[in-house]
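Tertiary structure, described
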Amino acid sequence: MTNSEISFIVETPELRAGFRSDSVSFQIRGSQTTLRFTGANPAARIEAVEPLPGKVNVFTGSTRRTGIATYARIRYRDLYPGIDLTYSGTGRRLKSEFLVAPGADPTKIRLEYESRDRVSIAENGDLIVQAGGAELREDAPTILQDGRRIQGRYRLLDAHTAGFEIGAYDPGKTLVIDPALTYSTYLGGTGMGDITGVALDSSDNLYVTGWTEALNFPIAGAYQSSNAGSVNAIVAKLNSAGTSLTY
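We now turn to the structure provided with this report. These numbers come from a predicted model, not from an experiment. (Residues numbered from 1 in each chain as written. Predicted model: local features only at pLDDT ≥ 70, side-chain atom pairs only at ≥ 80, totals over all residues. Heavy atoms only, no water.)

Here's the deal with the overall build of the protein chain
The condition is simple: The way it works is that DSSP assigns letters per residue, a run of H or I at least four long becomes a helix, a run of E at least two long becomes a strand, and they are numbered from the N terminus. Partly exposed residues are those whose accessible area sits between 20% and 50% of the maximum for their type, while under 20% is buried and over 50% is exposed, using a 1.4 Å probe and protein chains only. Working rule for contacts: check all heavy atoms of both residues, and any pair within 4.5 Å makes them a contact. We get accessible surface area from the Shrake-Rupley algorithm with a probe of 1.4 Å; when it comes to residues, only the shown protein chains can shield them.
Looking only at helices and strands, the protein chain features 0 helices and 20 strands. Among the 247 residues that make up the protein chain, the fraction classed as buried is 38%. Taking contacts inside the protein chain between residues at least 6 apart in sequence as the whole, the part at least 24 apart equals 47%. Counting every atom, the protein chain has about 13,700 Å² of accessible surface; 49% of that belongs to carbon and sulfur.

This is the structure we're talking about:
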């Protein structure tokens, strides 16, 4: 999967994926399948997002490459008109997310797998691809607009192709398909507290609001740097990986 057509590679303990401008190849447990974006923009660009500090060295036969950059995410720009697609890794999983700009049509998204694969939708709404002796599973889509959940699900367009069926939403505003939290983190102190609101921005940064009684709540550039007594309101921002408190 390291041929010249592939722009990026991601590996987890169970999965290896290679990203081309028009498709993604997956290898899992000795089986392989390819996801093609039917009807997509042939000039779509793949770009790296959020550089990571780590570097990778690759030795394959007589080929040797050192100091290869690593990234938290990759993005397909304008995969469909007004629609970007990002992939990111989190632990053992690989997650995808579609960002639909105002006025763009999410029903144009077509996810086509190999003709030999069996594609189905589970009772819980997950998309399941049987590829040889392996199974790929994409979680049931979570669809958000302005922090509000929109009804929607996968739908099969034919025996090997899936798309999205989306309920009522405002086509004049950005729509995010499958921004489900792909990480978990602890935010709080030793006192009581609760998170009462959660939202994502277009870069997947996470915003939370709520309250805390903790005297040791983590602080990063806070307007009020210490507990003023009893219950205190909190507004916090975490980066897209959930690893850093921005404020």
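Re the sheet that holds strand 18 (residues 193-200)
The following threshold applies: Think of it this way: DSSP has to see at least two bridges between two strands before they count as a pair. Helix axes use the C-alpha atoms of the stretch in contact, all axes being lines fitted to C-alpha atoms, and the angles between their N-to-C directions lie in the range 0 to 180 degrees.
The 3 strands are arranged 18-19-20 in an open sheet whose pairing can be described as antiparallel. Edge strands, defined here as strands with exactly one partner in the open sheet, are strand 18 and strand 20 (232-238). Between one strand axis and the next, the sheet turns by 20° as a mean value, whatever way the strands run. Sheet topology note: the strand 19 (residues 206-212)/strand 20 ladder contains 7 bridges and is antiparallel. Paired with G210 across the strands is I234, a residue of strand 20.

Some details on the pairing of strand 10 (residues 118-121)
Note: strand 10 against strand 11 (residues 127-131), 4 bridges, orientation antiparallel. Within the sheet, the bridge partner assigned to I121 lies in strand 11 and is L127. The hairpin formed by strand 10 and strand 11 contains 5 residues between the paired strands, and G125 there has a positive phi angle of roughly 95°.

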